[in-house]
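Observations on chain architecture
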Amino acid sequence: MTTLDARRPSVEDDLALALAFATGDETALRETYDRWGGLVHAFCVRSLASRADAEEATAQVFVNAWRGRSGFDAGRGSLAGWLLGIARRAVADISAAATRERALREALEQVRPVEEDSSSPDQLVDRLLVADAMAQLRPEQRRAVGLAFYDGLTHSQVAATMGLPLGTTKTHIRRGLAVLRRRLEVDGVAPE
Amino acid sequence: MSHPSEDDLALLALGEPVDDVDAHVRSCAACERELLALASTVDTARRAELTDLPPPPPAVWQRIADELGLHEPAPASRPRRTPWRRPLLVGGAALLAAAAAAVSLLVLPLGGGPSPATSARPSAPLTALGQAAATGRVVLADGAERSLVVDTSGLPEADGFYEVWLLDLDQGRMVALGALDDAGHGRLTVPDGVRLGDYPEVDVSLEPDDGDPAHSGDSVLRGRLPA
């Protein structure tokens with residue numbers, strides 16, 4: 001059996017945290033930052049050219065989230081999804097400023113622009129949401145999904161690798177995929 | 001021909017061949033839709049990075065704490081015991097808008113969650129002065145009683161800021177504790193050397209941004225400290 005992080009946060013833990021955050025509990029702010037700061041920062045780092053800009057954007061996301069917490073509705077989506085929505089706006093703001101600055105600089109220096117990462121912010125949000133959801137799958141399920149999705153094993157090979165019956169393996173794959181799909185349906189932003 | 005099982009659709013979405021199902025899926029709009037939705041999820045998942053996302057550098061939290069004023073105030077600053085400069089006006093420049101729901105500071109009990117259950121802490125209401133429609137609550141937030149949480153609702157946006165004070169009306173003394181944030185909320189430290197028992201009342205005032213540390217005289221909320 002694989003060894004997995006015993007402190008894997010459950011869906012129930014995340015919901016309780018989201019509710020505490022919404023009621024203005026400052027301890028919940030810190031916990032929310034500890035829980036999803038990496039997620040938000042990953043989005044900002046991958047979306048912005050400079051590390052300094054990414055750090056500024058990440059900070060701005062949590063500041064804006066805290067100040068605007070009355071706008072968060074736990075019934076409409078996860079706190080992680082909401083935070084990433086705020087992150088998109090923060091990145092767009094900083095990016096627009098950077099673009100104007102760069103355009104000005106280029107006009108002055110007539111320098112050719114460098115190609116930036118072309119994957120859209122929407123796709124990046126979705127990928128990060130899926131990564132977050134994967135981390136919450138039950139360990140056996142997560143392992144089965146990992147083997148089938150990423151290592152390219154057929155379900156028979158997954159079953160053999162994990163020493164599980166075929167039926168159990170297919171169930172793990174089906175349910176794992178359903179969880180990821182539901183996360184994208186609730187919080188995802190990229191068009192199909 | 002019956003629809004393929006969900007198990008089989010999941011395998012198809014992963015690109016695994018499943019016997020006898022292809023023909024049906026090609027001709028069934030519902031199954032094709034389902035398959036496309038699952039395949040799209042698989043595609044997104046496969047592009048996702050699964051490595052643990054490292055936390056941001058410590059400086060990032062520092063910026064957040066600075067911006068939101070989450071720090072404890074520096075212990076070196078002395079408490080401002082301002083003499084009575086002007087009488088505390090009741091109802092002051094009453095700017096208060098339509099009533100908002102009273103805010104209860106009872107944090108939802110979290111099963112096994114690490115957050116402190118503020119509902120167990122001594123708390124007391126803050127009532128509006130004059131024609132106000134705002135409400136508030138003050139909670140003694142830790143066992144040593146050096147920390148107060150003030151939460152309000154219905155305070156209107158105004159030029160300036162809202163400040164929290166401890167009052168001793170009998171002796172005409174007061175201590176400034178700090179400002180509320182943009183959401184009308186504050187977690188404030190009682191300065192060393194101030195005994196809560198000496199100051200039975202809590203006051204929230206609207207202060208202009210004029211650099212004058214004295215109480216403006218414009219109190220908007222008042223209450224007694226919880227026992």
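Residues numbered from 1 in each chain as written. Chains lettered and ligands numbered in written order. Predicted model: local features only at pLDDT ≥ 70, side-chain atom pairs only at ≥ 80, totals over all residues. Heavy atoms only, no water.

**What about the overall build of chain A?**
Tallying secondary structure elements over chain A gives eight helices and zero strands in all. By sequence separation, contacts in chain A at least 24 residues apart represent 65% of the contacts at least 6 residues apart. About 9700 Å² of surface is accessible on chain A, with carbon and sulfur atoms providing 50% of the total. (Helix = DSSP H or I, 4+ residues; strand = E, 2+ residues; numbered from the N terminus. Contact = heavy atoms within 4.5 Å. Areas by Shrake-Rupley, 256 points an atom, 1.4 Å probe, with all protein chains shown as cover.)

**Some details on the nonpolar core**
Residues F43, V61 and L83 of chain A together with I64 of chain B are the most contacted members of the largest nonpolar core, which totals 41 residues. For this core, the secondary structure elements donating two or more residues are α1 (11–22), α2 (26–47), α3 (51–67), α4 (79–109) and α5 (121–134) of chain A together with α4 (58–68) of chain B. Beyond its immediate chain neighbours, meaning those up to four positions away, L83 of chain A contacts T32, W36, V40, V61, F62 and A65 of chain A. Counting 33 residues, the second largest nonpolar core, distinct from the first, contains V130 and I173 of chain A together with L12 and V21 of chain B. (Core = buried A, V, L, I, M, F, W, Y, C linked by side-chain atoms within 4.5 Å. Buried < 20%, exposed > 50% of the residue type's maximum accessible area, 1.4 Å probe, protein only.)

**With respect to helix α1 (residues 6–13) of chain B**
Residues and elements named next belong to chain B. Where burial is concerned, most of α1 is hidden: seven out of the eight residues are buried. Of all the residues in α1, the buried ones are D7, D8, L9, A10, L11, L12 and A13. G15 sits one or two positions beyond α1 and adopts a positive phi of about 90 degrees.

**Regarding helix α3 (residues 29–47) of chain B**
Taking 1.5 Å per residue, 19 residues should reach 27 Å; α3 of chain B reaches 27 Å between its end C-alpha atoms and fits that length. Of all the residues in α3 of chain B, the buried ones are C31, L35, A37, L38, T41, V42, T44 and A45 of chain B. Turning to α3 of chain B, the residues buried within the fold contact α5, α6 (139–150) and α8 (166–187) of chain A together with α1 and α2 (22–27) of chain B. (Expected span 1.5 Å × (residues − 1).)

**A few points about the packing of aromatic side chains**
This model, assessed by the stated rule, comprises six aromatic pairs over all chains. Relative to F62 of chain A, the ring of Y33 of chain A has its centre 5.1 Å away and its plane inclined at 75 degrees; by these criteria the two rings are edge-to-face. A residue pair is termed long-range when its members are at least 10 positions apart, and Y33 of chain A in helix α2 and F62 of chain A in helix α3 qualify at 29 residues. A residue is classified by how much of its surface remains accessible, and Y33 of chain A, at 5% relative accessible area, is buried. Lying over the aromatic face of W61 of chain B, R30 of chain A brings its terminal NZ or CZ to 4.5 Å of the ring centre. A cation over an aromatic ring shows up here: R69 of chain A above the ring of W66 of chain A, its NZ or CZ 4.1 Å from the ring centre. (Phe/Tyr/Trp six-rings, centres within 6.5 Å; stacked < 30°, edge-to-face > 60°. Lys NZ or Arg CZ within 6 Å of the ring centre and 35° of its normal.)

**Some thoughts on the interface of chain B and chain A**
Taken together, the 44 residues of chain B in the interface contact 49 residues of chain A. Across the chain B/chain A interface, buried area totals approximately 4400 Å², and carbon plus sulfur atoms make up 65% of it. Inspection of the chain B/chain A interface yields five salt bridges. D8 of chain B is the salt-bridge partner of K170 of chain A, the closest N and O atoms lying 3.5 Å from each other. Remark: the boundary between chain B and chain A carries nine residue pairs in polar contact (both at pLDDT 80 or more). Mapped onto the side of chain B that touches chain A, the elements with two or more residues apiece are α1, α3, α4 and β7 (185–189) of chain B. No other element matches the ten residues that α3 of chain B contributes to the side of chain B that touches chain A. (Buried area = accessible area lost by both parts, 1.4 Å probe. Salt bridge = Lys/Arg side-chain N within 4 Å of Asp/Glu carboxyl O. Polar contact = N/O pair within 3.5 Å; in protein donor to acceptor, adjacent residues only side chain to side chain.)

**Overview of the side chain of D122 of chain A**
All names here are of chain A. With respect to the secondary-structure elements, D122 resides in helix α5. Classification of D122 by relative accessible area gives buried; the value is 18%. Polar side-chain contacts of D122 include one of 2.6 Å to the side chain of R88. Apart from the residues lying within four places of it in its own chain, the contact partners of D122 are R88, V189, A190 and P191.

**Examining the pattern of salt bridges**
All names here are of chain A. This structure, assessed with the given rule, holds 17 salt bridges over all chains. Between R88 and D122 there is a salt bridge, with the nearest N and O atoms lying 2.6 Å from each other. Here R88 is found in helix α4, whereas its partner D122 is found in helix α5, with 34 residues between them in sequence. The class of R88 is partly exposed, set by a relative accessible area of 30%. Bridged by salt links that share partners, the residues D14, R35, D132, R183 and D187 form one connected network.

Read these as layout, nothing more, since geometry by itself doesn't imply function.
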